[in-house]
Amino acid sequence: DQQVKQNSPSLSVQEGRISILNCDYTNSMFDYFLWYKKYPAEGPTFLISISSIKDKNEDGRFTVFLNKSAKHLSLHIVPSQPGDSAVYFCAASPHTDKLIFGTGTRLQVFP
Amino acid sequence: DSGVTQTPKHLITATGQRVTLRCSPRSGDLSVYWYQQSLDQGLQFLIQYYNGEERAKGNILERFSAQQFPDLHSELNLSSLELGDSALYFCASSPTRLDTEAFFGQGTRLTVV
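Residues numbered from 1 in each chain as written. Chains lettered and ligands numbered in written order. Predicted model: local features only at pLDDT ≥ 70, side-chain atom pairs only at ≥ 80, totals over all residues. Heavy atoms only, no water.

In terms of helices and strands, chain A carries 0 helices and 11 strands. From first element to last, N terminus to C terminus, chain A shows the α and β order β-β-β-β-β-β-β-β-β-β-β. Relative to its length of 111 residues, chain A is compact, with a C-alpha radius of gyration of 13 Å against a globular reference of 13 Å. By its C-alpha atoms, chain A is 40 × 25 × 20 Å across when sized along the principal axes. Out of the 111 residues belonging to chain A, those deemed buried represent 44%. For chain A, the accessible surface area stands at approximately 5500 Å², while carbon and sulfur atoms represent 50% of it. (Helix = DSSP H or I, 4+ residues; strand = E, 2+ residues; numbered from the N terminus. Rg over C-alpha atoms; globule rule 2.2 N^0.38 Å. Buried < 20%, exposed > 50% of the residue type's maximum accessible area, 1.4 Å probe, protein only. Areas by Shrake-Rupley, 256 points an atom, 1.4 Å probe, with all protein chains shown as cover.)

Spelled out as structure tokens, the structure:
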């Protein structure tokens, strides 16, 4: 039972445009959400997070939106750069329990 | 560089064998986590140690075991290996019990043939 779903395995975006990566979850007990970025041959690195008490969190070019009623979050990257090409994992944390990761979306930003 | 070191980076072994994966956490971090990432899967939490003691257990098979030593490094032991155990194994560490503060190592790619 996949509690955190990233239904798009890949996404291709032109440099300078917006990248939107989506994540859906099923467990209403999740109260903290994170996005990780992973380059080949490296471990995931923390990118941005959001608490369930918020609906938006922004950090530079990266913004995460949370829609609790739809159990959906998205990561917006504006403007996209070639260095953003990586696999992005969404993760959710039920309070006091362990992170649950999605399967990842591979983003490719082309010139 | 996250500061979390995993060795070896790659491992190829035969079915039925036993291997040990090693993880050195960031300096000062007390928690160590182990994750498995199989092909086209997300990271699956296996086990967490905090200051030498098992803190939480996830989907870890009985053939797998782990420990954290007094110097806080950790080892994940995988035995009676099967083809399906081929995966990336990540270690992460955090200063507290919270995995939301964790930093990941580069991973060990295990191939069972």
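Moving on, we come to the overall build of chain B. For chain B, the count of helices and strands is 0 helices and 11 strands. Going from N to C terminus, chain B has its helices and strands arranged as β-β-β-β-β-β-β-β-β-β-β. Its C-alpha atoms give chain B a radius of gyration of 13 Å, within 12% of the compact-globule value 13 Å for 113 residues. Taking the principal axes of its C-alpha atoms as reference, chain B extends roughly 35 × 25 × 25 Å. Looking at chain B as a whole, 49% of its 113 residues qualify as buried. Taking as baseline every contact in chain B between residues at least 6 positions apart, the subset at least 24 positions apart corresponds to 56%. In the form shown here, chain B has an accessible surface area of approximately 5500 Å², with 47% of it arising from carbon and sulfur atoms. If you average the places of the 9 positive and of the 12 negative side-chain charges in chain B, the two averages end up 2 Å apart. (Contact = heavy atoms within 4.5 Å. Lys, Arg positive; Asp, Glu negative; His and termini not counted. Charge placed at Lys NZ, Arg CZ, Asp CG, Glu CD.)

According to the stated counting rule, one finds 2 disulfides over all chains in the structure shown. Paired by a disulfide, C23(A) and C90(A) hold their sulfur atoms 1.9 Å apart. What sets the handedness of the C23(A) and C90(A) disulfide is the S-S torsion sign, and at about -60° it is left-handed. Residue C23(A) is found in strand 3 (residues 19-25), and its partner C90(A) is found in strand 9 (residues 86-94); the two are separated by 67 residues along the sequence. Accessibility assignment for this pair places C23(A) and C90(A) in one class, buried. The disulfide that involves C23(B) links it to C91(B), with 1.8 Å between the sulfurs. Residues C23(B) and C91(B) are joined by a disulfide whose S-S torsion is about -55°; by sign, that bridge is left-handed. Of the two residues, C23(B) sits in strand 3 (residues 19-24) while C91(B) sits in strand 9 (residues 87-94), which places them 68 residues apart along the sequence. In this structure, C23(B) and C91(B) share a single accessibility class: buried. (Disulfide = S-S within 2.5 Å.)

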